[in-house]
Amino acid sequence: MLENLQLLEAQKAEQEGLTLESMTKLFTIHENIDKVQSKIDDQLPKYKQLVDGLEITSASPRSLPTNRSNMQSLAKAQGDLMDHFNKFVMCVSCLKQLKPSSNIQVKLASSIMKCKFDFYHENMSSFRKLKKQLEDVAPPEILAGIQDIVDSKTIEIACLSITQVAYETLHLCLKYRLDETLASNIIQTSEVCKMELREHMKKRGENWEQCCQQMELFIKLQLKGDGVEKRQYLRPSRRLVGAHGVTYVTAFLSERVPYIAQQIHLQLSSRSIDRKFTKSKEALSTLRCKLEESQKEGEMLKR
């Protein structure tokens, strides 16, 4: 009898622990979504103001291209918003990966998801209308100039990001003596991105060697924690590393790296025109699929 009561108490405590863990994850995801939502709420009116402020008529079709500052402001605002919308979708999709432990949590997650997708569709519709408005009033050379700025910045960021992820992954593999295949796959992808960035910069008459030096310096500062942005992609929990060691680090990398690869691929695909950087897009997509397959295989082996 006593053993049965102890078993029931243990099961109850375990269930309460799972419920608390699920709710904590739900609140964390909701908090991340709200942060991105706030950025969209802040940036969309500013983008509208920039588009509405264009004084371009058929009589003066070349008035804006001379003002590079306006083009860069428009390109940045447009690119930032596309990033925010992509990240918003990624954050909301995390709700689908939750495993609710009660009916209340299921209803709460479904309610949040519906609310956030309504927000996305409403604001994305406004964004697309503004982009169409810009296309209707701006001469082709202005739009080409804006897109060229966006393309250049996008491939540069993609190259920088995937290269930093490669360095961080290799560092963790060496530190915890893990199989370096994962790091090797990411490095191969980063080399493809570097190749296309180099080709793009040469066409624009820009200094590739100087760009390489700046990227290497930036990544070194990020890895040391001395960078201005202080952004590291892979930061495993010290507490969980102490508790579970290599097992946790392996699981962390198998879950975190595919997510980051998907973010980089989504950003590059959505911001650059289709015919640009096709090899980088394909390499990032292949990497993501390969990592997701490895993750599934790992989960099956655990069963």
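The paragraphs below set out a description of the structure included in this document. (Residues numbered from 1 in each chain as written. Predicted model: local features only at pLDDT ≥ 70, side-chain atom pairs only at ≥ 80, totals over all residues. Heavy atoms only, no water.)

Some words on unusual backbone geometry
Residues other than glycine seldom take positive phi values, yet Arg-177 does so here, at roughly 55°. By secondary structure assignment, the location of Arg-177 is in the loop between helix H4 (140–175) and helix H5 (181–203). We classify Arg-177 as exposed; its relative accessible area is 79%. Phi angles above zero are rare outside glycine, and Phe-277 is one such case at about 55°. (Helix = DSSP H or I, 4+ residues; strand = E, 2+ residues; numbered from the N terminus. Buried < 20%, exposed > 50% of the residue type's maximum accessible area, 1.4 Å probe, protein only.)

Details of empty space enclosed by the protein
According to the stated counting rule, one finds one cavity of 30 Å³ or more in the structure shown. There is about 30 Å³ of room inside the largest cavity. Along the walls of the largest cavity sit Ser-22, Leu-26, Leu-98, Lys-99, Pro-100, Gln-105 and Ala-109, which together make up its complete lining. When contributions to the lining of the largest cavity are tallied by element, the ones reaching two or more residues are helix H1 (2–52) and helix H3 (103–137). Split by residue class, the lining of the largest cavity holds four nonpolar, two polar and one charged. (1 Å grid on protein atoms, 1.4 Å probe; cavity = no way out; pocket = protein on both sides within 12 Å on 5 of 7 lines; lining within 4 Å. Points joined across faces, edges and corners; volume = space filled by probe spheres on them. Nonpolar A, V, L, I, M, F, W, Y, C, P; charged D, E, K, R; others polar.)

Overview of the packing of H4 against helix H6 (residues 208–224)
As a packed pair, H4 and H6 sit with axes 10 Å apart at the nearest point and diverge in direction by 45°. Here H6 runs oblique to H4, going by the angle between their axes. Where H4 crosses over H6, the two elements pack in a sense that is right-handed. Along the contact surface, H4 presents Cys-159, Leu-160, Thr-163, Gln-164, Tyr-167 and Glu-168, while H6 presents Met-215, Phe-218, Ile-219, Gln-222 and Leu-223. Split by residue class, the contact of H4 with H6 holds seven nonpolar, three polar and one charged. (Axes fitted to C-alpha atoms, helices over the stretch in contact; angles between N-to-C directions. Parallel < 35°, antiparallel > 145°, perpendicular 65-115°, else oblique. Left-handed = near helix turned anticlockwise from the far one by under 90°. Contact = heavy atoms within 4.5 Å.)

Note that every value here comes from positions in space, so none of it alone points to a role or purpose.
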